[in-house]
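Overview (structure and organization)
Now for the letters of each chain:
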Protein chains: 2
Amino acid sequence: MPEGHITYTSENLTGAVLARIAPDASPRMRQVMTALVNHVHDFVREVELTPEEWEEGVGFLTELGRWCDDKRQEVILLSDILGVSMLVDAIAHRTHASVSETTVLGPFHRENPPVMQNGQNMSPGVEGERLDVAVRILDEDGAPLEGAQVDVWHTSPDGFYDSQLGDAHNMRGRFLSGPDGLVAFPTVMPASYPVPHDGPVGRLLSAMGRGPMRPTHVHFWIKKPGYRDLITHIFRDGDPYLHDDAVFGVKASLVTDWDAPKAEGKPATLTYDFRIPREDAA
Amino acid sequence: MPEGHITYTSENLTGAVLARIAPDASPRMRQVMTALVNHVHDFVREVELTPEEWEEGVGFLTELGRWCDDKRQEVILLSDILGVSMLVDAIAHRTHASVSETTVLGPFHRENPPVMQNGQNMSPGVEGERLDVAVRILDEDGAPLEGAQVDVWHTSPDGFYDSQLGDAHNMRGRFLSGPDGLVAFPTVMPASYPVPHDGPVGRLLSAMGRGPMRPTHVHFWIKKPGYRDLITHIFRDGDPYLHDDAVFGVKASLVTDWDAPKAEGKPATLTYDFRIPREDAA
Ligand SMILES: [Cu+2]
Ligand SMILES: [Fe+3]
Ligand SMILES: [Fe+3]
């Protein structure tokens, strides 16, 4: 056996991989890849991953990318159901207490939704219970913000987004807030719905004995120059899946009572005051 | 704010994800997913992964699957360059000291290679330095094994596998060992070569300041009913990349001197005694 050749073992291999990162790699690249290699190797060692399981994992990751197209993002879905998306969210937003909370973007936002006016029905031709939306866009101090761009989207009363039904846009719109910061319009009551579960992530959920359901919610993406984007949902209180959201997206401050106005014979109403931080806020 | 809704934080989210694994999930699934969630969450917390970096990661994993086809396996390549493949190998084989060592399969094995006889040229029409291969297949006690199926494959003298040059099979073959356990044939001297680095994994290597090269080697996959498969390489001593293999596949016992016979005017020769374990070996 020739001299001077290292044989890597399960103990010294991790160090060998880390030692290969070049001195001139960016400090952040070094930090991220060092942590990634350490944690992935620790995972493999901890469970003593078998060659057969490794092969299954390779197949899973390969399939993941193959399910992705312009209407389906299986990688984000995996991140969502493992709580990784909300963990990244929690870390990014843990310092901003005075503003509205964020949650996952989800895979159903679409570029260039129909441009709508306040008062315009966001779900033309869709049958179901009426839901009025009346939200205000405010700054951190509670002053109304005019002209904020507000993308809104939600499911049908059957729990399907428009993109799951065909190519036409519906149950989504892009509004501008009025002088009082108000965005107000009628739409139809959305429903709880399963995340797409006919692919590899659905198989993983089943294998863990987990359900695919998300509680009823309306998505909001608020943009205003000089302010930070706010991507969030508002959830309907009373939904049976609030404590079992497949993607861990529920936050207490984002759950509101939509049904109280019905006691007075009015339509169900989603009201909310969004407070968005300035771009330069701490 | 309605009562009873949890808001997940970067501290309590991991436990919430783990608590969702159902009691009737298989114990191994529970063990693997618990470790995976713990290590991935620890990674995200340790580096405080930003939403922009998360998005980059999602894009990377999505692209990974899209590069895969029947001639390219970018997920295995990622596993290889992060040392994960060799770690799985090290764990699987750390108990078998009396038999030949294993290394990565790599992405260039092909199903149904040309069936060849001992003595037959494995690289017809390929110009380059002659290499004679003369290996023996033995059991753990050193007794010769007749009739073992031995797949052999290597690059051209330019460092390309046949599949990188076209659809024709060359520089690969399937042999049966003779009564003395021998597989012997002439071929052409392979070369060091870069792992495929025009995709996302190549970008990652660059970002870490790492090279893509692998030292010169010949692949062997030995199968014999009643015995465990042996998947390995034999490396050429003196290769400048032996200490810098992009996939960490070198083991001291797999490096041999191919060039000694040239001093006596004979062709370069790769000799090796492979010892393969019985299926029921510990
Ligand atoms: Cu870890
Ligand atoms: Fe949604
Ligand atoms: Fe190779």
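The shown structure was predicted, so the numbers you read here are calculated from the model rather than taken from an experiment. (Residues numbered from 1 in each chain as written. Chains lettered and ligands numbered in written order. Predicted model: local features only at pLDDT ≥ 70, side-chain atom pairs only at ≥ 80, totals over all residues. Heavy atoms only, no water.)

Residue and element names in this part refer to chain A. Protein-derived coordination of the iron ion (ligand 2) comes from Tyr161 (OH), Tyr193 (OH), His217 (NE2) and His219 (NE2), at a distance range of 2.0 to 2.2 Å. Relative to the metal, the four donor atoms surrounding the iron ion (ligand 2) lie at angles of 89 to 160 degrees, and the coordination shape comes out irregular. Considered as a linear motif, the donors of the iron ion (ligand 2) on their single chain read Y-x31-Y-x23-H-x1-H. Assessed through its relative accessible area of 1%, histidine 217 is described here as buried. (Donors = N, O, S within 2.8 Å, 3.2 Å for Na, K, Ca; no water. Tetrahedral: all angles 85-135°; square planar, octahedral: opposite > 155°, others 65-115°. Buried < 20%, exposed > 50% of the residue type's maximum accessible area, 1.4 Å probe, protein only.)

Attention shifts here to the interface of chain B and chain A. Chain B puts 80 residues into the contact, and the matching count from chain A is 80 residues. On inspection of chain B and its partner chain A, the count reaches four salt bridges. Across the contact surface, chain B and chain A share 20 residue pairs in polar contact (both at pLDDT 80 or more). Within the residue set of the side of chain B that touches chain A, elements represented by two or more residues are α1 (13-19), α2 (27-47), α3 (51-66), α4 (74-81), α5 (84-93) and α7 (200-207) of chain B. With 17 residues, the top contributor of residues to the side of chain B that touches chain A is α2 of chain B. The residue inventory of the side of chain B that touches chain A, partitioned by class, reads 46 nonpolar, 18 polar and 16 charged. (Contact = heavy atoms within 4.5 Å. Salt bridge = Lys/Arg side-chain N within 4 Å of Asp/Glu carboxyl O. Polar contact = N/O pair within 3.5 Å; in protein donor to acceptor, adjacent residues only side chain to side chain. Helix = DSSP H or I, 4+ residues; strand = E, 2+ residues; numbered from the N terminus. Nonpolar A, V, L, I, M, F, W, Y, C, P; charged D, E, K, R; others polar.)

Residues and elements named next belong to chain B. The iron ion (ligand 3) binds to the protein through Tyr161 (OH), Tyr193 (OH), His217 (NE2) and His219 (NE2), with metal-donor distances spanning 2.0 to 2.2 Å. As a motif over one chain, the donors of the iron ion (ligand 3) read Y-x31-Y-x23-H-x1-H. With a gap of 58 residues between them, tyrosine 161 in the loop between β2 (149-153) and α6 (162-165) and histidine 219 in strand β7 (residues 217-223) connect regions that are remote in the sequence. Among the residues examined, histidine 219 registers a relative accessible area of 2% and is labelled buried.

A separate point is the relation of the copies chain B and chain A. Superposing chain B onto chain A takes a rotation of 180 degrees combined with a translation of 0.0 Å along the rotation axis, leaving an RMSD of 0.1 Å. Accordingly, the operation relating the two chain copies is best matched by a two-fold axis. Residues of chain B ranked by C-alpha distance from the rotation axis are headed by glycine 65 of chain B, positioned 2.0 Å from it. (Least-squares fit on C-alpha atoms with pLDDT ≥ 70 in both.)

Here the focus is the UniProt feature "domain: Intradiol ring-cleavage dioxygenases" (unreviewed entry) in chain A. Mapped onto this numbering, the UniProt entry gives "domain: Intradiol ring-cleavage dioxygenases" (unreviewed entry) at residues 107-276 of chain A. Annotated as residues 107-276 of chain A, this span is 7% helix and 33% strand, and its ends, taken at the C-alpha atoms, are 23 Å apart. (UniProt positions renumbered as here; feature names shortened; annotations may be inferred.)

Moving on to the packing of aromatic side chains. Applying the stated rule across the entire model yields 14 aromatic pairs over all chains. Ring geometry for phenylalanine 175 of chain A and phenylalanine 185 of chain A: centres 4.2 Å apart, planes at 10 degrees, overall stacked. Of this pair, phenylalanine 175 of chain A sits in strand β3 (residues 172-176) while phenylalanine 185 of chain A sits in strand β4 (residues 182-188), placing them 10 residues apart in sequence. Owing to a relative accessible area of 2%, phenylalanine 185 of chain A belongs among the buried residues under this scheme. Both rings, one in phenylalanine 248 of chain A and one in tyrosine 8 of chain B, keep their centres 6.1 Å apart while their planes meet at 70 degrees; by these two values the pair is edge-to-face. With phenylalanine 248 of chain A in the loop between β8 (230-236) and β9 (255-256) and tyrosine 8 of chain B in the segment before α1, the pair connects residues from two separate chains. (Phe/Tyr/Trp six-rings, centres within 6.5 Å; stacked < 30°, edge-to-face > 60°.)

Quick look at the sheet that holds strand β8 (residues 230-236) of chain B now. Each strand in a sheet pairs with its neighbour through backbone hydrogen bonds, running either in the same direction (parallel) or in the opposite one (antiparallel). Residue and element names in this part refer to chain B. Taken in spatial order, the five strands line up as β3-β2-β7-β8-β9 in an open sheet, and their pairing is mixed. For this open sheet the edge positions go to β3 (172-176) and β9 (255-256), each flanked by a neighbour on one side alone. Relative to β3, β2 is paired through five bridges, and the arrangement is antiparallel. Bridge pairing in β3 links glutamine 149 to leucine 176. (Pairing = 2+ DSSP bridges.)

Of the residues making up helix α7 (residues 200-207) of chain A, those classed as buried are Pro200, Val201, Gly202, Leu204 and Leu205 of chain A. In this fold, the buried residues of α7 of chain A make contact with α3 (51-66) and α4 (74-81) of chain A together with α2 of chain B. A positive backbone phi angle near 70 degrees is found at glycine 209 of chain A, which sits one or two residues after α7 of chain A.

Of all nine residues that make up helix α5 (residues 84-92) of chain A, eight are buried, and the element is covered over most of its length. For α5 of chain A, the complete set of buried residues consists of Val84, Ser85, Met86, Leu87, Val88, Asp89, Ala90 and Ile91 of chain A. If you follow the buried residues of α5 of chain A, they end up packed against α4 of chain A together with α1, α2 and α3 of chain B.

Here we come to the sheet that holds strand β1 (residues 130-139) of chain A. Residues and elements named next belong to chain A. With mixed pairing, three strands are arranged side by side in an open sheet as β4-β1-β10. Where the open sheet ends on each side, the last strands, each with one partner, are β4 and β10 (268-276). For this sheet, the mean inter-axis angle between neighbouring strands, taken without regard to orientation, is 20 degrees. (Axes fitted to C-alpha atoms, helices over the stretch in contact; angles between N-to-C directions.)

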